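# Descriptive analysis of the structure
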Amino acid sequence: MEVLVLGGGYGTRLFGRHNSRTYSPKGLIEIMGRPCIDYALGAFSEDLMDRIILETNKEGKSFYEHWLSKSKFKDKTKVYLEEVSTPEKCLGVLETISIVSNHYKFSKPVLIISPGNLFTKKQDKLITGYTSGIRIATYELNSLIDAQKYGVLELDSEKIIGCIEKPLKPISKTIRTSCEIWSPEVFSLLSEWNNHFDSDKVGDFINFIIKQEIHVKSYKTDGFWIDIGNEQDLQKAREMLK
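Residues numbered from 1 in each chain as written. Predicted model: local features only at pLDDT ≥ 70, side-chain atom pairs only at ≥ 80, totals over all residues. Heavy atoms only, no water.

### So, the environment of Ala147
- Mapped onto the secondary structure, Ala147 falls in helix 6 (residues 144–147).
- With relative accessibility at 0%, the residue Ala147 sits in the buried group.
- What Ala147 contacts, discounting residues up to four positions off in sequence, is Leu141, Val152, Pro167, Pro170, Ser172, Lys173 and Ile175. (Helix = DSSP H or I, 4+ residues; strand = E, 2+ residues; numbered from the N terminus. Buried < 20%, exposed > 50% of the residue type's maximum accessible area, 1.4 Å probe, protein only. Contact = heavy atoms within 4.5 Å.)

Here you go:
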């Protein structure tokens, strides 16, 4: 399966205001001597991943190219430069995915991951159990308050029947991680969404897809998961991966 790694954000929640002298992509933060992107890609067996497309911005390109030159993934990875975003005005994640999709014209399902998503175990079954539409790696948090930071899911067994982005009053503790498989028909609906709605609200886009009667299913994450969104999350990740 093809893989799209979304490495173009500036990590302002983690790093604060952009500083060109100290900037390094969030995906290259080291935990236990390994960059985060190694953990994200390492959650899947190499033989399940065909081409890897690593999307990044102008500021991150040289950093990721240096990482790639020494990476075990270098022979199957292509760095894609998204040229529109700047530290002052970063594209929404759905706009970014649309740009990459238009360039590569995806004709098969694609695994989309954030390099800040860390897992403690392999998640191969997300890929091997995929059939159609969208399949999302989901995770159950400890509290409803924690769920306010994520896309919160309503499930009917493995079927996802609702998704709300960062709700004030979450209806469940089950959330979507930034690790999911999309079919080509999902990519084809991005322009319609981006023309009318917030391109940063991926959870609400997922809800839009559900209303198009496209299958959206849950894969329950094996082991522990965390997304490095801020300094507190980073410290938790370091404890989790000891």
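Past the structure itself, the notes keep going.
### What about the pattern of salt bridges?
- Using the criterion set out here, one finds 6 salt bridges in the structure.
- With a shortest N-O distance of 2.7 Å, Lys61 and Glu65 are connected by a salt bridge. Taken together, the residues span about one helical turn, with Lys61 and Glu65 both in helix 3 (residues 61–69) at a distance of 4 residues.
- You can call Lys61 partly exposed: its relative accessible area is 28%.
- What makes Glu65 partly exposed here is its relative accessible area of 36%.
- In this structure, Asp233 engages Lys149 in a salt bridge whose closest nitrogen and oxygen atoms are separated by 3.6 Å. Highlighted residues: Asp233 in helix 10 (residues 231–240) and Lys149 in the loop between helix 6 and strand 9 (151–156), separated in sequence by 84 residues.
- Take Lys149: its relative accessible area is 37%, and that puts it in the partly exposed class. (Salt bridge = Lys/Arg side-chain N within 4 Å of Asp/Glu carboxyl O.)

### Details of the packing of aromatic side chains
- In this structure the tally under the stated criterion is 14 aromatic pairs.
- Look at Phe106 and Phe187: their rings are 5.0 Å apart centre to centre, the planes differ by 50°, and that puts the pair in the tilted class. Linking Phe106 in the loop between helix 4 (93–104) and strand 6 (110–113) with Phe187 in helix 7 (residues 184–187), this pair joins segments that are 81 residues apart in sequence. Each member of the pair Phe106 and Phe187 is classed as buried.
- An angle of 45° between the planes, with centres 5.5 Å apart, marks the rings of Trp182 and Phe205 as tilted. Pair noted here: Trp182 is in strand 11 (residues 174–182) and Phe205 is in helix 9 (residues 202–211), with a separation of 23 residues, a long-range link. Take Trp182 and Phe205: they sit in the same class, and that class is buried. (Phe/Tyr/Trp six-rings, centres within 6.5 Å; stacked < 30°, edge-to-face > 60°.)

### Considering helix 10
- Among all positions in helix 10, only Asp233, Leu234 and Ala237 are buried. What you see down the axis of helix 10 is that its buried residues fit within an arc of 100°, all on one side. Projecting away from the buried face of helix 10 at angles above 90 degrees are the exposed residues Gln232 and Glu239.
- The residue sitting at the N-terminus of helix 10 and contributing the capping side-chain oxygen is Asn230; that oxygen lies 3.1 Å from the backbone nitrogen of Gln232. (Arc of directions from axis to C-beta. Polar contact = N/O pair within 3.5 Å; in protein donor to acceptor, adjacent residues only side chain to side chain.)

### Describing the environment of Thr56
- Its location among the elements puts Thr56 in strand 4 (residues 52–56).
- Taking the C-alpha atoms as reference, Thr56 lies 6.3 Å from Tyr80; in sequence the two are 24 residues apart.
- The residues touching Thr56, leaving out its near neighbours within four places in the chain, are Gly7, Gly8, Lys61, Tyr64, Val79, Tyr80, Leu81 and Glu82.
- A polar side-chain atom of Thr56 sits 3.2 Å from the main-chain carbonyl oxygen of Gly7.

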